Amino acid sequence: MLRTRTSRAALSTACAALLLATSACGSDEPKDAATTQVRLYGTDGNMLNSYAATLKDRANLLNGMKGTTPLTPLPESFKERLRNVDPKLTDYLYSAESYDAVVISALAAQLAGTTAPAEIAKQIVGVTTGGQRCDEVATCLQLARAGQDIEYRGVSLTRGGFTDTGEPATASYGTLHFDNEKIDDAKTEFVGAGEESGASTKAPPRGRKVRDGKAKDAPLVLGGLLPKTGDLALAYPPMAAAAALALTEVNAAGGVLGEPVKWIDGDDGTNPAVAKATVASHVGQGVQVIIGAGASGISRAVLPDVVAAGRILFSPSNTDAGLSTVDDKGLYFRTAPPDSLQGRALADVMLRDGPRKIVILARKDSYGEGLQENVRAELEKAGVGADRLKLLTYLPPEDPNTPVDFGGLAQEIKGFGPEAVLLIGFGESMPSITAMADAGIQITR
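The rules we used
- Residues numbered from 1 in each chain as written.
- Predicted model: local features only at pLDDT ≥ 70, side-chain atom pairs only at ≥ 80, totals over all residues.
- Heavy atoms only, no water.
- UniProt positions renumbered as here; feature names shortened; annotations may be inferred.
- Disulfide = S-S within 2.5 Å.
- Buried < 20%, exposed > 50% of the residue type's maximum accessible area, 1.4 Å probe, protein only.
- Helix = DSSP H or I, 4+ residues; strand = E, 2+ residues; numbered from the N terminus.
- Phe/Tyr/Trp six-rings, centres within 6.5 Å; stacked < 30°, edge-to-face > 60°.
- Salt bridge = Lys/Arg side-chain N within 4 Å of Asp/Glu carboxyl O.
- Core = buried A, V, L, I, M, F, W, Y, C linked by side-chain atoms within 4.5 Å.
- Contact = heavy atoms within 4.5 Å.
- Pairing = 2+ DSSP bridges.
- Axes fitted to C-alpha atoms, helices over the stretch in contact; angles between N-to-C directions.
- Parallel < 35°, antiparallel > 145°, perpendicular 65-115°, else oblique.
- Left-handed = near helix turned anticlockwise from the far one by under 90°.
- Nonpolar A, V, L, I, M, F, W, Y, C, P; charged D, E, K, R; others polar.

Looking up the chain in an unreviewed UniProt entry gives the name ABC transporter substrate-binding protein, with the organism given as Micromonospora maritima. Taken verbatim from the UniProt record of the chain, the Sequence similarities (unreviewed entry) comment is "Belongs to the leucine-binding protein family."

Printed below as a string of structure tokens:
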């Protein structure tokens, strides 16, 4: 997955691999506490240019940090269209997934012949499997209006369609590198995961016939449940721009069921209370499909409310693998792949650098603990003994303006003497990096 390194680096990796298998290279004793050096790794919640910008004068601590994120190679034309929506964009995380979530929702409603959420839900998986392939909004909508089964291939959904549970059967991950206090796009590499054979083979039901192209219950109303505020707010700009772009392009192509699609904005706050209030407001305003939430834990918190109201929850960024089996009455979908796939990619990135002892520090919620467990399992499968892994968690703050105190955790990390630290978190995790540096842990390339 990573590019070929110099012969010296290859020799180091080979020795590290031998050490994992035999524990014969070097000493098992912790390094001297005064000279602790670690490589830093991240995930989709923190591998962002905005993450570095928030660290301000200490952003240099991120130089050399590597991490993975669900990411497909984005066409420059798509990035340009996003920048036309938001000229200030510096990141594109989950932009493709947000765009596709809106487009798939629109296509499903058109094929259903109604804006009734239960009927739309029956079409969503089928939109991505088994029909005539199309990849442009206008073309796909034209086919759907003619009653043609379609197989949508969008910006993020490029290989396989959705599984029976309503999530991508395949995924693309990008390995990102921080250098000079920003993501170095020239070093980004991509790897595929999952199997196309996992896509659903079930045919969707026939939708209702629409007289004169118009449905009595139009328009389709989508409601945003994206992280405008809170710990995940740093990921909001690309998601919001992509949703707006998709809405514009759907309506420019004639809308859905004879009417322009409407959008009602809403914040999930990366906070269950904020998100629940937004969901209640959307239900009251007649929203049929809710696009969000941003964080997996927030979707878990609001899903019972959404299901009780008979609405659809369609997230572009939930990765908690446990959501694949959640009791959703067929009303929950996502364009982001589950972390069972990202765990493999992350473990591979770290193992190529040959660390002998690893700390995985994660936020204490379904996303953080779920991904932590997936990475742990993959590392142990690769031969990293449980005694060489330390799993730590922290509670994210209820108030995003109150930073987490990572001082004690930094000392615990230092005492373990790791060679690598994987940080699974959102914006609230930034102080952990400065806390490690203040504790005398040298973050190295």
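Engineer: Lay out the state of the cysteines with the relevant residues and their values.
Structural biologist: Counted under the stated rule, the structure contains 1 disulfide. Here C134 connects covalently by a disulfide to C140, the sulfurs 2.1 Å from one another. Measuring handedness by torsion sign, the sulfur bridge of C134 and C140 sits at about 120° and is right-handed. Its relative accessible area of 0% is what places C140 among the buried residues.

Engineer: With reference to specific residues and values, describe the UniProt feature "domain: Leucine-binding protein" (unreviewed entry) in the chain.
Structural biologist: The residues that UniProt annotates with the feature "domain: Leucine-binding protein" (unreviewed entry) are residues 222-442. As annotated, residues 222-442 has a helix share of 41% and a strand share of 16%, and its two end C-alpha atoms lie 47 Å apart.

Engineer: Tell me what's going on with the packing of aromatic side chains, and back it up with residues and numbers.
Structural biologist: Scanning the entire structure with this criterion turns up 5 aromatic pairs. Each ring, one from F314 and one from F333, has its centre 5.9 Å from the other, and the planes form 45°; the classification is tilted. Of this pair, F314 sits in strand β11 (residues 312-315) while F333 sits in strand β12 (residues 332-334), and the two are 19 residues apart along the sequence. A relative accessible area of 0% places F314 in the buried class. Residue classification places F333 among the buried positions, given a relative accessible area of 4%. When the ring of Y367 is compared with that of F426, the centres are 5.1 Å apart and the planes differ by 20°; the resulting orientation is stacked. Taken as a pair, Y367 in helix α11 (residues 366-381) and F426 in the loop between β15 (420-424) and α13 (430-438) lie far apart in primary sequence, 59 residues in all. A residue is classified by how much of its surface remains accessible, and Y367, at 2% relative accessible area, is buried. Here F426 falls in the buried class, since its relative accessible area comes to 4%.

Engineer: Can you tell me about the pattern of salt bridges, naming the residues and giving the values?
Structural biologist: Side chains that differ in charge, positive against negative, can pair when their charged atoms come close. Enumeration over the complete set of coordinates arrives at 27 salt bridges. In this structure, the salt-bridge partner of R334 is E167, at a minimum N-O distance of 2.8 Å. Separated by 167 residues along the polypeptide, R334 in strand β12 and E167 in the loop between β4 (150-152) and β5 (170-179) bring together distant segments of the chain. What makes R334 buried here is its relative accessible area of 0%. On the basis of relative accessible area, E167 is assigned to the buried category, the value being 9%. Between R352 and D348 there is a salt bridge whose closest N-O contact spans 3.0 Å. Taken together, the shared-partner salt bridges connect D231, R363, D365 and E428 into one network.

Engineer: Before we move on, can you summarise the nonpolar core with the specific residues and values?
Structural biologist: One finds L62, Y99, I124, I312, F314 and L379 to be the most contacted residues of the largest nonpolar core, which totals 131 residues. Setting aside anything within four residues of it in sequence, one finds F314 in contact with A101, I104, S105, I124, F162, V289, I290, I291, G292, F333, R334 and T335. In this structure, Y173, A193, L341 and A345 belong to the second largest nonpolar core, which totals 5 residues.

Engineer: Describe in detail the sheet that holds strand β9 (residues 262-264), supporting the description with residues and values.
Structural biologist: In a beta sheet, neighbouring strands pair by backbone hydrogen bonds and run either parallel or antiparallel. Read across the sheet, 5 strands follow the order β9-β8-β10-β11-β12 without closing on themselves; strand pairing throughout is parallel. The sheet is open, and its two edges are formed by β9 and β12, each paired on a single side. Strand-to-strand, the axes of this sheet are offset by a mean angle of 25°, without reference to chain direction. Relative to β9, strand β8 (residues 221-225) runs parallel, the two sharing 3 bridges. Paired with V221 across the strands is K262, a residue of β9. Each of β8, β9 and β10 (289-292) is contacted by helix α8 (residues 272-284), which is oriented at about 170° to β8, the strand it contacts most.

Engineer: Just give me the short version of the packing of helix α10 (residues 339-351) against α11, but keep the residues and values in it.
Structural biologist: Interaxial distance between α10 and α11 falls to 8 Å at its minimum, and their mutual angle equals 55°. Taken as axis vectors, α10 and α11 run oblique relative to one another. As for the relative orientation of α10 and α11, their crossing is right-handed in sense. Contact residues: D339, S340, Q342, G343, R344, L346, A347, M350 and L351 in α10; Y367, L371, N374, V375, E378 and L379 in α11. For the contact of α10 with α11, the class distribution of residues is 8 nonpolar, 4 polar and 3 charged.

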